[in-house]
Structures are given as C-alpha cells and as structure tokens.
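For reference, the chains in residue letters:
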Amino acid sequence: MKFFVDTAEIDAIAELNDLGMVDGVTTNPSLIKKSGRDIIEVTKEICALVDGPVSAEVTATDADEMIAEGRKLVEIAQNIAVKVPLTWDGLKACKALSDDGHMVNVTLCFSANQALLAAKAGATFISPFIGRLDDINIDGMDLIADIRTIYDNYGFDTQILAASIRTVNHVTQSALLGADVMTAPPGVIKSMVNHPLTDKGLDTFLADIKAAGIKIL
Ligand code: E4P
C-alpha cells in the first residue's frame with residue numbers, strides 16, 4: 001500500500017519522507033489555508049521534496065476553468081496530480097487533463113457510481129472520503145470495498161486512494177480491502193507505531209537491562 005501524507009506542512013512531510021514513509025502528498029484548499037502559504041509556492045516546495053505524486057486542487061467549478069488551472073498547476077513540477085471535484089464539470093476536466101497525459105485525482109467521492117464515472121473519465125486516482133461518510137453514520141469502508149470490487153470486475157486501473165482517514169483503524173481496514181493508496185494526516189501515520197504491549201515490553205526490557213548492567217557500547 002502506498003502512503004500519501006495529507007498535509008501542506010513542509011516540516012511534517014520532510015520528517016516522514018526521511019523515513020521512507022511518503023509515496024506522495026495530497027493537499028486541498030483547507031490544508032493550503034491552514035498552512036498560511038501561497039498555493040503555488042508551497043506546492044513547488046512539496047514537489048521538490050517528494051518524488052511521488054503531489055495532489056494540488058483546482059479552485060474553479062467550471063470545466064474550462066478547471067482545465068486551465070490544471071494546466072497551470074502541472075507547470076509547477078512533473079509530479080503534480082491535478083485534483084478535481086467529483087462533479088460533471090470535474091469529470092470533463094479529468095478527461096481533458098488525463099488525455100493530455102497528466103495525473104488526475106478525482107476527489108470528494110462518496111458513492112461507487114461516482115467512482116465508476118471517474119474511472120471511465122481516465123482518473124489516475126479516485127479519492128473516497130471515508131471519515132466524512134463515518135461522520136454521517138455511513139460506513140466508509142463499505143465504499144472502499146464496493147469500488148475495489150467494481151474496478152476489479154472490469155479491470156479499471158484507476159487507483160483507489162482512501163482519503164479522509166481519521167484513525168489508525170481506517171488505515172488497517174483500507175489495506176485489508178485492497179485500497180491502492182491511503183492518505184492520512186502526519187499524526188495518524190505516526191500513531192500507527194503505538195501499541196501498549198510494545199511500551200510494556202520495552203519497560204520490562206529496560207528494567208532488566210538496568211538490573212543486569214547489560215552494555216553493548
Ligand atoms: C484527501 O485528499 C483530502 O485532502 C482529505 O483526506 C480530507 O480529509 P478530511 O475529511 O479529514 O478533511
């Protein structure tokens with residue numbers, strides 16, 4: 001499973017990237033706003049840091065404007081994936097930009113039918129938003145499973161990018177269901193290391209190291 005980090009914070013991306021945990025980055029207008037940075041500048045810095053796809057989202061809602069914005073975004077770096085919303089205009093922009101040879105991430109996906117349309121429009125990535133479905137008492141994991149089945153039934157090569165990941169269990173479940181990629185905030189990725197039995201076991205080992213005076217260096 002590929003790990004994308006869902007942030008526009010350079011330091012957080014760099015820390016995870018140094019550990020080989022970053023296969024790509026996703027941003028969105030809310031994350032750009034949170035960073036307080038100019039979208040072009042911060043996206044350029046992220047692209048210089050990370051080899052994999054960096055999603056940068058259009059701001060327009062009209063297809064022609066989305067296509068124009070997408071063409072400007074891809075000038076930032078060769079690893080830009082243009083992020084477009086799952087609307088009819090977004091699908092038109094997806095088709096035009098993917099026909100141009102650019103990576104496209106179709107975002108704000110909340111149904112299997114939407115995912116089917118995005119695949120047919122040539123999306124590189126489809127982003128089902130798990131956490132936002134959970135927020136309204138719909139199991140986001142069912143959507144991942146449905147999209148996986150449909151894409152496999154027909155051999156679509158659009159990658160399922162599990163998004164709006166809020167918990168470490170979302171990561172496990174997405175991986176078990178065969179999502180190609182997950183994108184999560186840095187804090188969620190870092191908390192995947194936690195296990196109380198690891199902490200308890202280490203405490204015991206440290207006590208025994210001290211008691212026995214074990215030294216290696
Ligand atoms: C993904 O590309 C989105 O930026 C992100 O996962 C949305 O997450 P949220 O629902 O927690 O805002």
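Just so we're clear, the structure is a prediction, and the values are computed from it rather than from any experiment.

Trainee: Whenever I open this one, the overall build of the chain confuses me. Can you help?
Mentor: Looking only at helices and strands, one finds 11 helices and 8 strands in the chain. Across its three principal axes, the chain shows a C-alpha extent of roughly 70 × 40 × 30 Å. The buried share of the chain, reckoned over its 217 residues, is 46%. The long-range fraction of contacts in the chain, counting pairs at least 24 apart against all pairs at least 6 apart in sequence, stands at 57%. By element, 55% of the accessible surface of the chain is carried by carbon and sulfur atoms, the whole surface being about 11,300 Å². Distance between charge centroids for the chain: 3 Å, based on 18 positive and 30 negative side chains.

Trainee: What is the right way to read the nonpolar core from this model?
Mentor: The nonpolar side chains of a soluble globular protein tend to be buried, and buried together. Grouped together as the largest cluster of nonpolar side chains are 57 residues, with contacts concentrated most on Val 84, Val 106 and Ile 126. Of all the elements, helix H8 (residues 140-154) adds the most residues to this core, at 5 residues. Residues within four places of Val 84 in sequence aside, it is in contact with Val 58, Met 66, Gly 90, Ala 93, Cys 94, Val 104, Asn 105, Val 106 and Thr 107. One finds Phe 4, Phe 125, Leu 161 and Val 181 within the second-largest nonpolar core, a separate group that totals 5 residues.

Trainee: Mind showing me how you'd approach helix H9 (residues 168-176) here?
Mentor: In an α-helix there are 3.6 residues to a turn, and that puts residues three or four apart on one side. His 170, Val 171 and Ser 174 are the residues of H9 that are buried. Projected down its long axis, H9 carries its buried residues within an arc of 100°, all on one side. Of the exposed residues in H9, those oriented more than 90 degrees away from the buried face are Asn 169 and Leu 176. Close packing links the buried residues of H9 with helix H7 (130-135), H8, strand E7 (159-162), strand E8 (181-184) and helix H10 (186-191). Positive backbone phi, at 90°, marks Gly 178, one or two positions downstream of H9.

Trainee: Where do I start with the packing of aromatic side chains in this structure?
Mentor: Here the distance between the centres and the angle between the planes together describe a pair of aromatic rings. Evaluated as defined, the whole model comprises 3 aromatic pairs. Taking the centre distance of 5.7 Å and the plane angle of 65° together, the rings of Phe 110 and Phe 129 count as edge-to-face. Note that Phe 110 is positioned in the loop between strand E5 (103-109) and helix H6 (112-120) and Phe 129 in the loop between strand E6 (125-128) and H7, a separation of 19 residues in sequence. Among the residues examined, Phe 110 registers a relative accessible area of 32% and is labelled partly exposed. Ring geometry for Tyr 151 versus Phe 156: centroids 5.7 Å apart, planes at 65°, classification edge-to-face. Residue Phe 156 is classed as partly exposed on the basis of its relative accessible area of 21%.

Trainee: So what exactly am I meant to see when it comes to the pairing of E7 here?
Mentor: Put simply, side chains in a regular strand alternate between the two faces of the sheet. Taking every second residue as pointing to the same face, both faces of E7 are buried, with Gln 159 and Leu 161 on one and Ile 160 and Ala 162 on the other. Relative to E7, E6 runs parallel, the two being bridged by 2 bridges. Residue pairing across strands places Phe 125 opposite Gln 159, the latter belonging to E7. One ladder, built from 2 bridges, connects E7 with E8; its direction is parallel. Looking at E8, one finds that Leu 161 is bridged to Val 181. Running through H9, the crossover from E7 to the neighbouring parallel element E8 is right-handed.

The rules behind each value
Residues numbered from 1 in each chain as written. Predicted model: local features only at pLDDT ≥ 70, side-chain atom pairs only at ≥ 80, totals over all residues. Heavy atoms only, no water. Helix = DSSP H or I, 4+ residues; strand = E, 2+ residues; numbered from the N terminus. Buried < 20%, exposed > 50% of the residue type's maximum accessible area, 1.4 Å probe, protein only. Contact = heavy atoms within 4.5 Å. Areas by Shrake-Rupley, 256 points an atom, 1.4 Å probe, with all protein chains shown as cover. Lys, Arg positive; Asp, Glu negative; His and termini not counted. Charge placed at Lys NZ, Arg CZ, Asp CG, Glu CD. Core = buried A, V, L, I, M, F, W, Y, C linked by side-chain atoms within 4.5 Å. Arc of directions from axis to C-beta. Phe/Tyr/Trp six-rings, centres within 6.5 Å; stacked < 30°, edge-to-face > 60°. Pairing = 2+ DSSP bridges. Right-handed = clockwise from strand over helix to strand, strands pointing away.

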